[in-house]
Amino acid sequence: QKEVEQNSGPLSVPEGAIASLNCTYSDRGSQSFFWYRQYSGKSPELIMSIYSNGDKEDGRFTAQLNKASQYVSLLIRDSQPSDSATYLCAVDSGGYQKVTFGIGTKLQVIP
Amino acid sequence: DTAVSQTPKYLVTQMGNDKSIKCEQNLGHDTMYWYKQDSKKFLKIMFSYNNKELIINETVPNRFSPKSPDKAHLNLHINSLELGDSAVYFCASSPDNSGGASDFGPGTRLTVT
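**Some remarks on the overall build of chain B**
Along its length, chain B carries zero helices and 11 strands. Put simply, chain B runs from its N terminus to its C terminus through helices and strands in the order β-β-β-β-β-β-β-β-β-β-β. Taking 13 Å as the expected radius of gyration for a compact globule of 113 residues, we find that chain B reaches 13 Å, a close match to that expectation. Summarising its shape, the C-alpha atoms of chain B cover approximately 35 × 30 × 25 Å along the three principal directions. Among the 113 residues that make up chain B, the fraction classed as buried is 44%. Partitioning the intrachain contacts of chain B with sequence separation of at least 6 by distance along the chain shows that 54% fall at a separation of at least 24. Put simply, chain B shows about 5,400 Å² of open surface, and 48% of that area lies on carbon and sulfur atoms.

**Notes on the state of the cysteines**
Within this structure, the stated rule accounts for two disulfides over all chains. A disulfide bridge connects Cys23(A) with Cys89(A), and the sulfur atoms are separated by 2.1 Å. As the torsion about the S-S bond is roughly -75°, the Cys23(A)-Cys89(A) disulfide counts as left-handed. Note that Cys23(A) is positioned in strand E3 (residues 19-25) and Cys89(A) in strand E9 (residues 85-92), a separation of 66 residues in sequence. Here Cys23(B) pairs with Cys91(B) through a disulfide, and the sulfurs are 1.8 Å apart.

**Here we look at the environment of Lys98(A)**
As for its placement among the helices and strands, Lys98(A) is situated in the loop between E9 and strand E10 (99-101). When the C-alpha positions of Lys98(A) and Asp83(A) are compared, they lie 28 Å apart, and in sequence the two are 15 residues distant. Excluding its chain neighbours within four sequence positions, the residues that come into contact with Lys98(A) are Val91(A), Asp92(A), Ser93(A), Ile56(B) and Glu58(B).

**Considerations on the layout of surface pockets**
Here the largest pocket defines a volume of roughly 690 Å³. Breaking the lining of the largest pocket down by element, the ones donating at least two residues are E9 and strand E11 (105-110) of chain A together with strand E9 (87-94) and strand E11 (108-112) of chain B. Within the lining of the largest pocket, the residues separate by chemical class into 11 nonpolar, 16 polar and seven charged.

**Description of the sheet that holds strand E8 (residues 71-76) of chain A**
Residue and element names in this part refer to chain A. Judged by pairing direction, the sheet is antiparallel, and its five strands sit side by side in the order E1-E3-E8-E7-E6 without closing on themselves. Each edge of the sheet is formed by a strand with only one pairing partner; in this case those strands are strand E1 (4-5) and strand E6 (54-58). As paired elements, E6 and strand E7 (residues 61-66) share five bridges and run antiparallel to each other. Bridge pairing in E7 links Lys56 to Ala63.

What counts as what
Residues numbered from 1 in each chain as written. Chains lettered and ligands numbered in written order. Predicted model: local features only at pLDDT ≥ 70, side-chain atom pairs only at ≥ 80, totals over all residues. Heavy atoms only, no water. Helix = DSSP H or I, 4+ residues; strand = E, 2+ residues; numbered from the N terminus. Rg over C-alpha atoms; globule rule 2.2 N^0.38 Å. Buried < 20%, exposed > 50% of the residue type's maximum accessible area, 1.4 Å probe, protein only. Contact = heavy atoms within 4.5 Å. Areas by Shrake-Rupley, 256 points an atom, 1.4 Å probe, with all protein chains shown as cover. Disulfide = S-S within 2.5 Å. 1 Å grid on protein atoms, 1.4 Å probe; cavity = no way out; pocket = protein on both sides within 12 Å on 5 of 7 lines; lining within 4 Å. Points joined across faces, edges and corners; volume = space filled by probe spheres on them. Nonpolar A, V, L, I, M, F, W, Y, C, P; charged D, E, K, R; others polar. Pairing = 2+ DSSP bridges.

Here it is, written out as structure tokens:
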């Protein structure tokens with residue numbers, strides 16, 4: 001069973017701080033990694049995708065991938081109350097379009 | 001203009017009934033998906049289609065049958081509905097087959113009583 005693990009939270013950070021969201025996965029053959037944001041009662045939104053080891057930055061978001069440690073993370077700089085949502089990690093498993101999601105980490109940004 | 005649309009938004013029905021959910025995307029994407037999000041908010045892929053061809057068929061009961069009449073549409077038909085089918089069903093699309101859906105529909109909340 002291919003697994004993607006996340007701490008369900010909630011993770012509380014003060015406004016302006018860096019939020020660090022973590023995800024581990026079990027399939028060493030995974031090649032594609034995704035972070036989604038889901039507000040309560042809404043559909044998921046793709047924030048970042050990462051395919052190579054290292055960091056990938058997009059605005060206030062940075063995705064970090066370490067395939068050796070089977071670990072992917074999402075950093076949100078200058079966290080805002082509007083960032084409060086559940087963040088879903090998704091990992092390609094079994095190849096071709098088959099993506100497994102983690103349970104999601106609920107982030108609360110405190111004003 | 002809505003990118004990925006689903007109808008209906010809410011569906012309440014009784015056990016044993018048959019129902020369909022329709023999905024359309026106007027993004028010109030090649031790949032479409034159906035996901036199920038259960039009461040614990042766990043999101044799981046059910047099916048994916050690439051250019052009308054079925055690519056992924058997860059361990060979903062064969063009461064669920066997807067149909068893709070063209071690249072822009074992916075419908076989901078469910079026979080003999082059961083209580084455990086109650087969930088939010090999301091349609092999604094992506095421009096390629098990298099695996100990560102880039103655009104989700106608003107979801108259809110299915111309640112089976």
